[in-house]
Amino acid sequence: MDNSVLTTSDAKNLSLEEIFQKIFSSKTGLSSEDAKKRLEQFGKNEIVEKKSNLFLKFGFYFWGPIPWMIEIALILSALVSQWDDFWIILALLFLNVGVSFWEERKADHAIEALKQRLVQKAMVLRDNNWISVDSKELVPGDIARLRIGNFVPADVKIIEEDYVLADESSLTGESLPVEKHVSDIIFEGSIVNHGELTGIIVSTGMNTFFGHTAKLIQAAKAPSHLQEAIVKIGNFLTIFALVLVAIVFLVSLFRHENILEILQFSLILVVASIPVALPAVLSVTLAVGAIALAKKGAIVSKLAAIEELAGIDILCSDKTGTITKNQLSVAEIIGFNGFSEKDVLFSGVLASKKEDNDPIDNAIIEKAERENIFLETSKLKLVEFRSFDPITKKSEAIFEDNKGKKIIIAKGAPQSILALVQENKNNNKIMNFVEEFAKKGYRALGVAKKSGKSNWEICGLIALYDPPRIDSKETIQTAQSMGINVKMITGDHIAIAKETAKQVGLGTNIVQASSFINLSESEKTEIIENSDGFAEVYPENKFQIVEILQAKNHIIGMTGDGVNDAPALRKADAGIAVINATDAAKSVADIVFAQQGLSTIIDSIKESRKIFQRMTNYAIYRIAETIRILIFVSLSIIVFNFYPVSAVIIVLLAILNDVSIMTIAYDNVKYSDKPERWNMQSLLGVATFLGIIGVFTSFTVLYIGLEILKLPLATLQTFIYLKLSIAGHFLIFAARTKKGFWTVKPSKILLAAVLGTQTIATIIAVYGILLAPIGWNLAAIVWALAISSFLITDFLKTRFYKIFEQNP
């Protein structure tokens, strides 16, 4: 058997050792033993790493910054022999760990499942047939075929190539593409920028160059807006809690109270006040949202991109395939220099390659098939084919006829084709036709021919038409009503861009990219901000457009599909790889679309704004609830020398709260008609206002229980506990809307969670489980007071929003 190729049938009859001996010995120089050891070590490392990650993640929840406070409180409860507190606090610790760990693990699994839909494919030769397989199924010895735009899935030794340039920036940081030749290794993780190649896979997985260096080349990335928001909210609540608890602690020391009991109570109060569940709740909300987006055809590769998508105020959209149908057809053909329409089409077919599945090539080939042009191509022998190069904007094919005469055909942008011809008296005439085509919305394609030693000749023009999608006009109007400025970006002629923009309801202030390249920064910014779109755009122009708009504090969504779109997709706040995008575009995009059209993008923005709204609602609720409990408890102790709640009550409040609040990820919300951003002034203002109202209503209940009902201390604490629990959960319904709570119907799961936990809280209070019993009569009074305070809070909230929005 030839050691250079290992077929599937051969592999079935060989052991693992024999496979490595035949493949690795001949292709990599490794002995079979070395190869086996490397595989075994890789398998062990992978298992150990997975187990270690699981253990470390679970351990973090026990030994992280919040759990250690609970653990100290647990020890203090044992020291002062408060065993009821001890067991309840222990339960809180395990519940806190379990809920956080389980929910984040579930979120991780959800995202991992979505990422499986983005798995890279590779063309390999198996049993003498070219087939597409998942990259993870590649094995050393496979023969692989790679072309422009492909993500390299393994270390590949080139055995045949057509002037290959590889982008290895993700490996080396080098921005310039690297030339690759026969016998060179093209590494996993790089991208084919130019040309095509056939090669043999020599290393996969962690044995590749990328596998060895991946951890060393991870680039530091600035925190997302979401991460910054979580840090700000967490810092605010933590500082607020520590200051108030410190005052309570010092006052209690001054009153000569038991220091261990004071310390235990203070720690429990801090734990209940700090938003321990904030990261977990937001992660779950994002994960649930990512699944919802996937159902709409948008696969999220980075969770934080959902938040960025919600904040987009400028969407730079590709014309082809997004605004238009990407269903090219040949509209007209014009011949020059004695070439007929059939001659032009024949030459166009010669410079096309069916297996590349290129939309332009497909349109020309389909036209040729209808006219039986392919019957004549069999008379020529293909010597070399150079695929379309986005830099030179043309493709070329070299043939030999039956007499050995060399014929070269070029097909591409009219300007590129005209540049081949040294002297051409028809230049003006040809460009006039290009202009006329463009006014009709047609894209012109030039075709030229060179026979033997003669000069290049222009054969003619092929006009291609890609009609706008039926829903594009309506979708753009919807986007504009949502505060999104849609800017069309295309490499096509400016007249085509203007005609397309007119058809879909965009403005016709379309500018050529070349018109602002050499201007000052201020002039560039003004032109780019005020334009409706850009024509004759090169990939580097896209990057520049994104950079300039971001400098003006815009949040940018950028669509793209080609290898040269990758820098702009990476730069954009939300890089969007459209359907049929190259591996290069998918690898850097934040979101990959599995469906065509601008409507898919707009639907995804709507969904992301809903997700953002859920996160905002939770943040408002969490801050308001912390302020309510902290200020009420602290003032009661400091001013009235009265402990309204015990450590056990605080633990119970925290347990029931964390269990129910996770369901906010599934809540019903209305998306905003404006781009979403974290407005800390507004968020903290509303949350503080709701929290202060809660403080007043809590003292009202304390007054009723103490002065009117004359309840004993233990019963009064249970009375207050039930009020804090019910009113606290009802606060969710006030925090989730700007108008009356009834304007947006809550989800069934959120409603069930709140009513379920409050039924449990009522039973605990009525029958005195861990607390003094209060009976059904007092429980009914608490429910009436809690509902009344909720209605008052909701009314005052709507008034506050009106005043706040009028005077931001």
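Residues numbered from 1 in each chain as written. Predicted model: local features only at pLDDT ≥ 70, side-chain atom pairs only at ≥ 80, totals over all residues. Heavy atoms only, no water.

Novice: What exactly am I supposed to notice about the confidence of the model for the protein here?
Specialist: Caution applies to low-pLDDT regions: their predicted coordinates should not be interpreted in detail. Across the protein, pLDDT averages 77, with 78% of residues at or above 70. Mean pLDDT values over the elements of the protein span from 40, in helix 3 (residues 32-63), up to 92, in helix 28 (residues 748-767). Note on residues 34-67: pLDDT under 50 across the span, and 36 contacts to partners over four residues away in sequence or across chains. Considering only residues more than four positions removed or in separate chains, one finds that residues 212-222, a stretch of pLDDT under 50, has 8 contacts. (pLDDT = per-residue confidence, 0-100. Helix = DSSP H or I, 4+ residues; strand = E, 2+ residues; numbered from the N terminus. Contact = heavy atoms within 4.5 Å.)

Novice: Sorry if this is basic, but what is going on with the environment of Asp-142 here?
Specialist: Within the secondary structure, Asp-142 is located in the loop between strand 2 (129-134) and strand 3 (143-147). Residue classification places Asp-142 among the buried positions, given a relative accessible area of 2%. Put simply, Asp-142 and Ile-200 are 58 residues apart on the chain and 5.7 Å apart in space, counted from C-alpha to C-alpha. A distance of 3.1 Å separates the side chain of Asp-142 from the backbone nitrogen of Val-139, its partner in a polar contact. (Buried < 20%, exposed > 50% of the residue type's maximum accessible area, 1.4 Å probe, protein only. Polar contact = N/O pair within 3.5 Å; in protein donor to acceptor, adjacent residues only side chain to side chain.)

Novice: Would you take a moment to explain unusual backbone geometry for this structure?
Specialist: Note on backbone geometry: most residues besides glycine have negative phi, and most peptide bonds are trans. We note that Asn-553 has phi near 70°; this positive angle belongs to a residue other than glycine. By the secondary structure assignment, Asn-553 is in the loop between helix 21 (539-551) and strand 19 (556-560). Judged by its relative accessible area of 57%, Asn-553 falls in the exposed class.

Novice: When you look at the pattern of salt bridges in this model, what are you seeing that I'm missing?
Specialist: Side chains bearing opposite charge may pair, as long as their charged atoms lie close to each other. Under the defined criterion, the tally for this structure stands at 18 salt bridges. One salt bridge in this structure joins Lys-411 and Asp-361, with 2.9 Å as the shortest N-O distance. Here Lys-411, found in strand 13 (residues 406-412), pairs with Asp-361, found in helix 14 (residues 359-370); they are 50 residues apart in sequence, far enough to count as distant. Summarising the burial analysis for this pair, Lys-411 and Asp-361 share the class buried. Overlapping salt bridges, with partners in common, bring together Arg-145, Arg-147, Glu-196 and Lys-353 in one network. (Salt bridge = Lys/Arg side-chain N within 4 Å of Asp/Glu carboxyl O.)

Novice: Just checking my understanding: could you explain the packing of aromatic side chains for this structure?
Specialist: Here the distance between the centres and the angle between the planes together describe a pair of aromatic rings. Tallying each qualifying case throughout the model produces 14 aromatic pairs. Pairing Phe-689 with Phe-800 gives two aromatic rings, centres 4.4 Å apart and planes at 15°, and the pair type is stacked. Of this pair, Phe-689 sits in helix 26 (residues 680-708) while Phe-800 is found in helix 29 (residues 775-806), placing the two residues 111 residues apart along the sequence. When its relative accessible area of 26% is taken as the criterion, Phe-689 is described as partly exposed. Residue classification places Phe-800 among the buried residues on the basis of a relative accessible area of 19%. Ring pairing ties together the aromatic residues Phe-730, Phe-733, Phe-741, Trp-742, Trp-783 and Phe-790, which thus form one cluster. (Phe/Tyr/Trp six-rings, centres within 6.5 Å; stacked < 30°, edge-to-face > 60°.)

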